[in-house]
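Chain by chain, the residues:
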Amino acid sequence: MKPIASGKVREIYAVDDKSLLIVTTDRISAFDVIMPTPVAGKGKILNALSEFWFNYTRDIIPNHMITTNVSEFPAPFTDDPAFAGRSMLVRRLKMLPIECIVRGYITGSGWESYQKTGRVCGITLPEGLQESQKLPEPIFTPSTKAAEGHDENIDFDRMCGIIGTELAEKVRDATIAVYRACADYAASRGIIIADTKFEFGLDENGVLTLADEVLTPDSSRFWPKADYAVGRGQKSFDKQYLRDWLKANGLNGVEPGPELPAEVVDATVAKYREAAGLLGVTVA
């Protein structure tokens, strides 16, 4: 069994002409560099979170998940315990070449852009916003998918040029609808979802379908609601601890990535587990 594709975190295996098996490893990346040290248990947390959100949003938009139950996987995958808890059998889709980013709060690269231009990805925002402030409405800021290196932020008009206006509008509306529903749920459980990214594809009938991962600490900014305050950076449940350690040691963006000390690994996975627990997600 060899994967047909290998990403920063996931391995994708071909099952048949209609399905794939996605395995979420314990790898972790930061600043587009994969760290050589795995974060034990991280893959199972991410898999459980995506499963939860796929189920939660299935009335808003179809998704590609078939099952995460290893006993229902086809052979030979059902016989390998390495797949248990960290794998998802999914439908094959024609994936769209767009990263669908939605921002509910002004932070990160969006905050940097706003300070310079008053805009984020071509969208003009109200004057006087402070760091980490909630936006009047969530904004959709797509990017391209780069085969290598960094994705490129694009405006909505360029996205229309890539996939067509009608489909682009469906993708934008679905992105914001899923974000709103999940952000409201998370807020009721003590987590602010500041921003996130989704990926979509088309099924065999051309139906827009949610895919890949959904609202994990790898793809989103999760902030503890109890500690939130406007005008500063926020504590987070994502891999910010790792990013901060890399920056503090002058190792951000350095390749190959450095071996991580135990305290960084432990603190990172603890944040992921805490987020899952607050959201009510059970991890195998």
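As a starting point, this report considers the structure included with it. (Residues numbered from 1 in each chain as written. Predicted model: local features only at pLDDT ≥ 70, side-chain atom pairs only at ≥ 80, totals over all residues. Heavy atoms only, no water.)

1. A word on unusual backbone geometry
Applied cut-off: We count a stretch as a helix when DSSP gives it H or I for four or more residues in a row; a strand needs E for two or more, and each element gets its number in order from the N terminus.
The omega torsion of the bond from Ala75 to Pro76 falls at 5 degrees, within 30 degrees of zero and hence cis. Mapped onto the secondary structure, Pro76 falls in the loop between strand E6 (65–67) and strand E7 (87–91). Residue Glu255 is joined to Pro256 through a cis peptide bond whose omega torsion reads -5 degrees. As for its position among the elements, Pro256 is in the loop between helix H5 (240–248) and helix H6 (262–278). Within the chain, Asp212 stands out as a residue other than glycine whose phi angle is a positive 65 degrees. Take Asp212: it is sitting in the loop between strand E15 (208–211) and strand E16 (220–224).

2. Regarding the packing of helix H3 (residues 156–163) against helix H4 (residues 165–188)
Cut-off, in case you're wondering: To obtain an axis, a line is fitted to C-alpha atoms, over the contacting stretch when the element is a helix, and the angle between two such axes runs from 0 to 180 degrees between their N-to-C directions. Angles below 35 degrees are treated as roughly parallel, those above 145 as roughly antiparallel, those between 65 and 115 as roughly perpendicular, and all remaining angles as oblique. Two helices crossing with the near one rotated counterclockwise from the far one by less than a right angle form a left-handed crossing, whereas a clockwise rotation gives a right-handed crossing. Whether two residues are in contact is decided by their heavy atoms, any of which lying within 4.5 Å being enough.
At a minimum axis separation of 7 Å, H3 and H4 run at an interaxial angle of 125 degrees. If you check the angle between H3 and H4, you find them oblique. The handedness of the crossing between H3 and H4 is right-handed. Contacts between H3 and H4 pair Phe156, Met159, Cys160 and Ile163 from the former with Thr165, Leu167, Ala168, Glu169, Val171 and Arg172 from the latter.

This is a description of form; function is not addressed.
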